[in-house]
Amino acid sequence: MAIEVRIPTILRSYTGGAKVVEGSGDTLGDLLADLDSRHGGLRARLVTDAGALHRFVNVYVNDEDVRFLGALDAKLNDGDSVTILPAVAGGAFGFAAAAAIAQHSAAAAAIAQHSAAAAATAGAARVARR
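Residues numbered from 1 in each chain as written. Predicted model: local features only at pLDDT ≥ 70, side-chain atom pairs only at ≥ 80, totals over all residues. Heavy atoms only, no water.

A.B. asks: What should I look at first to understand the environment of Gly23 in this one?
C.D. replies: Here Gly23 lies in strand β2 (residues 20-23). What makes Gly23 buried here is its relative accessible area of 5%. Separated by 13 residues in sequence, Gly23 and Asp36 have C-alpha atoms that sit 9.6 Å apart. (Helix = DSSP H or I, 4+ residues; strand = E, 2+ residues; numbered from the N terminus. Buried < 20%, exposed > 50% of the residue type's maximum accessible area, 1.4 Å probe, protein only.)

A.B. asks: Sorry if this is basic, but what is going on with unusual backbone geometry here?
C.D. replies: Non-glycine residue Asn62 carries a positive phi angle of around 50 degrees. Inspection of the secondary structure assignment puts Asn62 in the loop between β3 (57-61) and β4 (64-65). With a relative accessible area of 39%, Asn62 lands in the partly exposed category.

A.B. asks: Could you clarify how one ought to interpret the side chain of Thr83 in this entry?
C.D. replies: Its location among the elements puts Thr83 in strand β5 (residues 81-86). Within the structure, the side chain of Thr83 is placed 3.2 Å from the side chain of Arg6, a separation counted as a polar contact. Apart from the residues lying within four places of it in its own chain, the contact partners of Thr83 are Arg6, Asn58, Val59 and Tyr60. (Polar contact = N/O pair within 3.5 Å; in protein donor to acceptor, adjacent residues only side chain to side chain. Contact = heavy atoms within 4.5 Å.)

A.B. asks: Is there a simple way to explain the pattern of salt bridges in this structure?
C.D. replies: Pairs may arise between side chains of opposite charge once their charged atoms sit close together. Inspection of every chain in the model, using the stated rule, returns three salt bridges. A salt bridge links Arg67 to Asp65, with the nearest nitrogen and oxygen atoms 3.9 Å apart. For Asp65, a relative accessible area of 18% translates into the label buried. (Salt bridge = Lys/Arg side-chain N within 4 Å of Asp/Glu carboxyl O.)

A.B. asks: Where do I start with helix α1 (residues 28-38) in this structure?
C.D. replies: In an α-helix there are 3.6 residues to a turn, and that puts residues three or four apart on one side. Here α1 has its buried residues at Leu28, Gly29, Leu31, Leu32, Asp34 and Leu35. For α1, the elements touching its buried residues are β1 (3-6), β2, α2 (42-46), β3 and β5.

A.B. asks: I would appreciate a short explanation of the sheet that holds β5 in the present structure.
C.D. replies: By way of backbone hydrogen bonds, the strands of a sheet pair with one another, either parallel or antiparallel. Across the sheet, which stays open at both edges, the five strands sit in the order β2-β1-β5-β3-β4 with mixed pairing between neighbours. The open sheet has two edge strands, β2 and β4, and neither has a second partner. Strands in contact with α1 are β1, β2, β3 and β5; relative to β2, the strand with the most contacts, it is inclined by about 110 degrees. (Pairing = 2+ DSSP bridges. Axes fitted to C-alpha atoms, helices over the stretch in contact; angles between N-to-C directions.)

Written as structure tokens, this is what we have:
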């Protein structure tokens, strides 16, 4: 049974950069276990320790949301197409926002350090002129 799985950019480090991989399984849970056997760590990014899909992950089987098909118990057939997408309000967007904030904070710290050094230099110059 061959099932095509589309992998979002943020998870491609687990698939060696592959955008599409193939797996097998009778259910979505079986498919994710099969994928994890070949792409270690992938399942943990999609499924919680309690055994449910993470809230920030959307999974579609043939363009239908698996939440309406039984989640991890959703039945799969040979030739199905599974698409994994990070949610817009969390997941990848949250990582991007955190990275942008960190870059902004680092830039602000560098500016503050430069300003402090410039003020110290100007103060030293005033003392030297007296």
